[in-house]
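Each chain, letter by letter, is given below.
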Amino acid sequence: MNSYLPQFDTVDEARRHRKERLAAAFRLFGRFGFDEGVAGHITARDPELLDHFWVNPFGMSFSHIRVSDLILVNDKGEVVQGDAAVNAAAFAIHSQIHAARPDVIAAAHSHSIYGKSWSALGRLLDPLTQDVCAFYEDHALFDDYTGVVLDLEEGKRIAHALGDHKAAILRNHGLLTVGHSVDEAAWWFITMERSCQAQLLAEAAGTPVLIEEDSARLTSKQVGSHVAGWFGFQPLYAKITREQPDLFD
Ligand SMILES: [Zn+2]
């Protein structure tokens, strides 16, 4: 039981809460410039229909998404609530991650600039900063690229590469993060993107000093827990909902 997460009496309240967090996460991704045309998706597992997930309507700006715009997709990739289409890549990747990882409530992926730049190097992130230690021994490299992910087998391979980690670097593509809450998955994405930026900057400027293994492992426990990931999102949620309350519509 994740006791830090708000508890609800009804499934409708739980669903509403999850969708609000999801809409807010999209607004933040828009604010941070994580969108690249129509690419990118964040999914939230439905609290009742556990093989269904909520996702952004294909082709809508992250910066415009409201709770009422979110669509519900079933395990066959059919939109069962909402009248927009689902991005085929969103279904191919996210359905397989949600299926392989029952603990995962939400998954985030976009073509953010530093994440995709870093992904082209085909390397894991090094423990260069306190913040990136959240991913120490807890992220994977999907060391392959064969075109836009449209078939379920490719999604399965990505889920397999992710394993039980919180994040994966998809080579030549971008970042993918997961969490026990929408808040957590979104926060890991935001801080991982910035960690890619930090490592690119540090390596461009010189030869970075790495945090020692024991210290990196200790720090990963301190900043990389599920509750830490959830908590990291809270100030951003407060900010975006105050500035853009129409996201609740
Ligand atoms: Zn993609």
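You'll find the structure just up there.
What counts, and at which threshold
Residues numbered from 1 in each chain as written. Predicted model: local features only at pLDDT ≥ 70, side-chain atom pairs only at ≥ 80, totals over all residues. Heavy atoms only, no water. Axes fitted to C-alpha atoms, helices over the stretch in contact; angles between N-to-C directions. Helix = DSSP H or I, 4+ residues; strand = E, 2+ residues; numbered from the N terminus. Parallel < 35°, antiparallel > 145°, perpendicular 65-115°, else oblique. Left-handed = near helix turned anticlockwise from the far one by under 90°. Contact = heavy atoms within 4.5 Å. Nonpolar A, V, L, I, M, F, W, Y, C, P; charged D, E, K, R; others polar. 1 Å grid on protein atoms, 1.4 Å probe; cavity = no way out; pocket = protein on both sides within 12 Å on 5 of 7 lines; lining within 4 Å. Points joined across faces, edges and corners; volume = space filled by probe spheres on them. Donors = N, O, S within 2.8 Å, 3.2 Å for Na, K, Ca; no water. Buried < 20%, exposed > 50% of the residue type's maximum accessible area, 1.4 Å probe, protein only. Pairing = 2+ DSSP bridges.

**Student:** Mind laying out the packing of helix α2 (residues 88-100) against helix α4 (residues 152-162), listing which residues take part and the relevant values?
**Tutor:** The relative placement of two packed helices is expressed as an angle between their axes plus a distance between the axes. Running from N to C, α2 and α4 cross one another at 50°; their axes reach a closest spacing of 8 Å. Relative to α4, α2 is oriented oblique. Both α2 and α4 take part in a crossing whose hand is right-handed. Between α2 and α4, the contacting residues are Phe91, Ala92, Ile93, Ser95, Gln96, Ile97 and Ala100 on the first element and Leu152, Gly155, Lys156, Ile158, Ala159 and Leu162 on the second. Here the residues of the contact of α2 with α4 sort into 9 nonpolar, 3 polar and 1 charged.

**Student:** An account of the layout of surface pockets is needed here, citing residue identities and associated values.
**Tutor:** A volume near 420 Å³ is recorded for the largest pocket. Taken together, 18 residues make up the lining of the largest pocket; nearest its centre are Leu5, Pro6, Gln7, Phe8 and Arg18. Within the residue set of the lining of the largest pocket, elements represented by two or more residues are α1 (11-31) and α5 (182-205). At 4 residues, α1 tops the list of elements feeding residues into the lining of the largest pocket. When the residues that make up the lining of the largest pocket are grouped by side-chain class, the tally is 9 nonpolar, 6 polar and 3 charged. Roughly 200 Å³ of internal volume is contained in the second largest pocket. Lining of the second largest pocket is provided by 17 residues; of these, Ala39, Ala89, His111, Val148 and His173 occupy positions nearest its centre. Of the residues assigned to the lining of the second largest pocket, the class counts are 9 nonpolar, 8 polar and no charged.

**Student:** Quick rundown of the coordination of the zinc ion? Include the residues and the values.
**Tutor:** Looking at the metal site, the zinc ion is ligated by His109 (NE2), His111 (NE2) and His173 (NE2), spaced 2.0 to 2.1 Å from it. Every donor residue of the zinc ion comes from the same chain, spaced as H-x1-H-x61-H. Taken together, the positions of histidine 111 in the loop between β5 (106-110) and α3 (113-119) and histidine 173 in the loop between β7 (167-170) and β8 (174-179) put the pair 62 residues apart, joining distant regions of the chain. By relative accessible area, which is 21% here, histidine 111 ends up partly exposed. The class for histidine 173 is buried, based on a relative accessible area of 14%.

**Student:** Help me get a handle on the sheet that holds strand β3 (residues 71-73), residues and values and all.
**Tutor:** Within the open sheet, the 8 strands sit side by side as β4-β3-β2-β1-β5-β8-β7-β6. Their pairing is mixed. Strands with a single pairing partner mark the edges of an open sheet, and in this sheet they are β4 (79-81) and β6 (139-142). When strand polarity is set aside, the average angle formed by the axes of neighbouring strands in this sheet is 25°. As defined by bridge partners, β6 adjoins β7 across 4 bridges and the pair is classed as parallel. Counted as the bridge partner of alanine 140 is alanine 168 from β7. The sheet contacts of α1 involve β1 (41-45), β2 (53-55) and β5, and relative to β1 the element is tilted by about 170°. The strands touched by α5 are β1, β5, β6, β7 and β8; relative to β8, the strand with the most contacts, the crossing angle is about 150°.

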